[in-house]
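# Residue-level structural notes
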Amino acid sequence: MAVSSGPAAQAVPYDVAQAVLQQELAAFSHWATDFLATIEQQRVYPTTQPGTVAAALPAHPPQQGEAFAAIRADFERLIVPNLTHWNHPRNHAYFNSSASIPGILGELAMAVLNNQGMLWHSGQAATELETVTLDWLRQLLGLPSDHWGIIYDTASIGVLHAIAAARERAFPDVRQRGPAGFGGKRPRIYCSEMAHSSVDKACIGLGLGLDSLRKIAVDEAFCMRPAALEAAIQEDMTSGWAPFCVVSTAGTTSSTSIDPIAAVQAICHRHKLWHHVDAAHGGSMAIVPAWRHLFAGWEQADSIVYNPHKWLFVPMDCSVLYTRHREVLRQAFSLVAEYLITPQHSVTNYMDYGLQLGRRFRSLKLWFVLRAFGQQGLAAIIQDHVASAQWFARQVQASQDWQLLAPVPMSTVCFRAVWPDVDAAETDRRNEVLIQRVNQAGQMFVSHTKLPVNGVPTYTLRMVVSHLNTRLHHVQQAWADWNRHRAGMNK
Ligand SMILES: *Cc1c(COP(=O)(O)O)cnc(C)c1O
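Rules behind the numbers
Residue numbers here run from 1 along each chain, matching the order of that chain's written sequence. Thresholds applied to this predicted model are a pLDDT of at least 70 for local features of residues and 80 or more for the giving and counting of side-chain atom pairs; totals over whole chains, interfaces and linings are not thresholded and use all residues. Note: side-chain values were computed over all heavy atoms of the structure, leaving out hydrogens and water. By the criteria applied, helices consist of DSSP H or I runs no shorter than four residues and strands consist of E runs no shorter than two, each listed in order from the N terminus. Using C-alpha atoms as the atom set, the radius of gyration is obtained and then compared with a globule rule of 2.2 Å times the number of residues to the power 0.38. Here the term buried applies to any residue with accessible area under 20% of the maximum for its type, exposed to any over 50%, and partly exposed to those in between, with areas from a 1.4 Å probe on protein chains only. The contact definition used throughout considers only heavy atoms, calling two residues in contact when any of these lie within 4.5 Å. Only the protein chains shown count as cover for residues, with accessible areas throughout obtained via the Shrake-Rupley method and a probe of 1.4 Å. Points on a 1 Å grid over protein atoms alone make up a cavity when a 1.4 Å probe fits among them but cannot get out, and a pocket when they form an open set with protein on both sides within 12 Å along at least five of seven lines; lining residues each have an atom within 4 Å of a point. Grid points are joined across faces, edges and corners, and a volume is the space filled by probe spheres set on the points. Following the grouping adopted for this structure description, the nonpolar residues are Ala, Val, Leu, Ile, Met, Phe, Trp, Tyr, Cys and Pro, the charged ones are Asp, Glu, Lys and Arg, and the polar ones are all others, Gly among them. Two strands are counted as paired when DSSP detects at least two bridges linking them. A fitted line through C-alpha atoms represents every axis, and for helices the fit uses only the stretch in contact; the resulting angles, taken between N-to-C directions, go from 0 to 180 degrees. To estimate the expected span of a helix, count its residues, drop one, and scale the result by 1.5 Å. Orientation is classified from the angle alone, with under 35 degrees giving roughly parallel, over 145 giving roughly antiparallel, 65 to 115 giving roughly perpendicular, and any other angle giving oblique. Should the near helix be turned anticlockwise from the far one by less than a right angle, the crossing is termed left-handed; should it be turned clockwise, right-handed. Here the term patch refers to residues with relative accessible area over 30% and no salt bridge, with like charges joined within 9 Å and nonpolar side chains (Val, Leu, Ile, Met, Phe, Trp, Tyr) within 5 Å. When a carboxyl oxygen of Asp or Glu is within 4 Å of a side-chain nitrogen of Lys or Arg, the pair counts as a salt bridge.

## Section: the overall build of the chain
A count of helices and strands for the chain gives 15 helices and 11 strands. Computed over its C-alpha atoms, the radius of gyration of the chain comes to 25 Å, within 12% of the 23 Å expected for a compact globule of 491 residues. Here the chain, with 491 residues, has 49% of them falling under the buried criterion. Within the chain, counting contacts between residues at least 6 apart in sequence, those at least 24 apart form 74% of the total. Per element, the accessible surface of the chain, about 23,200 Å² overall, is 56% carbon and sulfur.

## So, empty space enclosed by the protein
According to the stated counting rule, one finds 1 cavity of 30 Å³ or more in the structure shown. In this structure, the largest cavity occupies an estimated 40 Å³ of space. Considering the residues around the largest cavity, the lining is formed by N115, G117, A126, T127, E130, Y350, R359, R360 and F361. Among the residues forming the lining of the largest cavity, the class breakdown is 3 nonpolar, 3 polar and 3 charged.

## Describing the sheet that holds strand 5 (residues 274-278)
Two strands in a sheet stick together by hydrogen bonds in their backbones, pointing the same way (parallel) or opposite ways (antiparallel). Strand order in the open sheet made by the 7 strands is 1-7-6-5-4-2-3, with mixed pairing throughout. Sheet topology places strand 1 (148-152) and strand 3 (213-216) at the edges, where each strand pairs with a single neighbour. In this sheet, adjacent strand axes meet at a mean angle of 20 degrees when their direction is disregarded. Bridge count for strand 4 (residues 241-249) against strand 5 is 5 bridges, and the pairing is parallel. In the sheet register, V246 faces strand 5, and the bridge partner there is H275. The sheet contacts of helix 12 (residues 326-333) involve strand 1, strand 5 and strand 7 (319-323), and relative to strand 1 the element is tilted by about 40 degrees.

## Some thoughts on helix 4 (residues 101-113)
Because an α-helix packs 3.6 residues into every turn, residues spaced three or four apart end up facing the same way. With 13 residues, helix 4 extends 19 Å between its outermost C-alpha atoms, agreeing within 8% with the 18 Å of an ideal straight helix rising 1.5 Å per residue. Residues of helix 4 that are buried in the fold lie against helix 13 (362-398). Within two residues after helix 4, N114 carries a phi angle of roughly 50 degrees, on the positive side.

## Some points on the environment of S334
Position of S334 among the secondary structure elements: in the loop between helix 12 and helix 13. A relative accessible area of 16% places S334 in the buried class. A C-alpha to C-alpha distance of 28 Å links S334 and E107, two positions 227 residues apart in sequence. Once residues within four sequence positions are removed from consideration, S334 is found in contact with R175 and D352.

## A short note on the packing of helix 13 against helix 15 (residues 472-489)
Close contact between helix 13 and helix 15 brings their axes to 9 Å; oriented N to C, the two are set at 25 degrees. Taken together, the axes of helix 13 and helix 15 are roughly parallel relative to one another. In this structure, the crossing between helix 13 and helix 15 has a hand that is right-handed. Packed against helix 13, whose contacting residues are S388, W391, F392, Q395 and V396, the element helix 15 presents L472, V475, Q476, A478, W479 and W482 at the interface. Considered class by class, the residues forming the contact of helix 13 with helix 15 number 8 nonpolar, 3 polar and no charged.

## Some points on a nonpolar patch on the surface
On the surface, L21, L25, L36, I101, I104, L105, L108 and V112 cluster together to form a nonpolar patch covering roughly 720 Å² of accessible area. Going through the elements one at a time, helix 1 (18-37) and helix 4 are the ones with two or more residues in the nonpolar patch. At 5 residues, helix 4 tops the list of elements feeding residues into the nonpolar patch. Inspection of the secondary structure assignment puts V112 in helix 4.

## Looking at the layout of surface pockets
For the largest pocket, the calculated volume is near 1,400 Å³. Lining the largest pocket we find 35 residues, and of these F28, W31, A32, F75 and I104 sit closest to its centre. Among the elements of the structure, helix 1, helix 3 (68-79) and helix 4 are those that each provide at least two residues to the lining of the largest pocket. Per-element tally for the lining of the largest pocket: the top contributor is helix 1, with 12 residues. Class assignment of the residues belonging to the lining of the largest pocket gives a composition of 24 nonpolar, 8 polar and 3 charged.

## Some thoughts on the environment of M489
Inspection of the secondary structure puts M489 in helix 15. Taking C-alpha positions, M489 is 8.6 Å from V433, a pair spaced 56 residues apart along the chain. Not counting the four nearest positions on each side in its chain, M489 is found in contact with W419, R430, V433, L434 and R437.

By themselves these figures say nothing about function.
Spelled out as structure tokens, the structure:
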């Protein structure tokens, strides 16, 4: 085929001019610096009503390219004020994610390079940096060297891969034969009733079905009861189920309760089940050596998921799966098409260890963060968060107006407002109103859960202290705000 010598020969670049890059980097640098410096004067939760952003945008795409300054102006006017701000130190909802400055710079460098690290051949330093930073992170968490790591986008995808590896080990025929590969057995997997919904979703996604997941009861501290797990496995084995995997959680999403990992590990060992530990948020506690005992036994688990994009100040998204059975994970997913064959044979090609082919260069921002803070820097911030949360928990405990609803092993406080002579249903309703008032005021952002308190699902307020820049004074302000809003409800 003849190659046209027309348009390509012209010197005018197709991309926006380099001068625009320089100008806009400067403009965005101003915007970003100013945004972060003044974020505390901004609302954390917007006043936005549903549909208003969409209504303010043109219904049709632009026919001609637009000047970037105009695009940036709309970004500042229309997008920024209409967001719940996750990089705000008074965001105490869900489990936080912080974009630290090293992480932001990492994202910028990632975007400029736009490396696609599916193969060593397609991203040499990306591949090797991922291996090295995940080995550093393994050491920071105090895990032994037989844990090998890979970065995915989220913990939900990490658990799906872990359960796929567990399935591969227990039912190696399924990869080829699909459900027939179970050989008539019904696969069974276990987690506690406080486990994250991503375990359920993985069962949906892997075609195991939600019926394959059995939820194990928790104790009064919301930790899995190992005796109940053992009994469930025994019962299932005598009634046609084939147990193959247990997911324990080190830092549950509702209350940060920590399942008895060593006891669960012993049960898994006895029955030859894959043990996956979900430490998506809680794993950060292990950065502090004095707290590693909380995770005792996880070093023997078959796989562990941990999210640096939660409490390690790496921007969304960056989740790590560690496994002691790298080869099983590879067997579960490796499929090398002709166009992906490369001349190197002794290298890691991360595409072999998962569903996705294209891979962002996420280890770059992780590397920037680990280097910029160091072990001691990270540990000091995490310890400070825990101390601030413990301060809040003590205020709750000391007050007649509030009730602590769960132990506080990390930096998340579960509590509620209480009133004398108010029944359970009305207490739930008032707490629901309270949280709406707090969020609508816009000064802090919080979220709720329901905890089974004495077996009764109880509306629970959560205060999470894990944003990089959240300090004790923010938490003290939060305590004052909670009390002010509670007092306002009596009017
Ligand atoms: C946040 C969380 C998840 C899900 O994390 P994503 O990365 O958003 O998928 C899973 N498990 C636990 C315990 C979590 O806290």
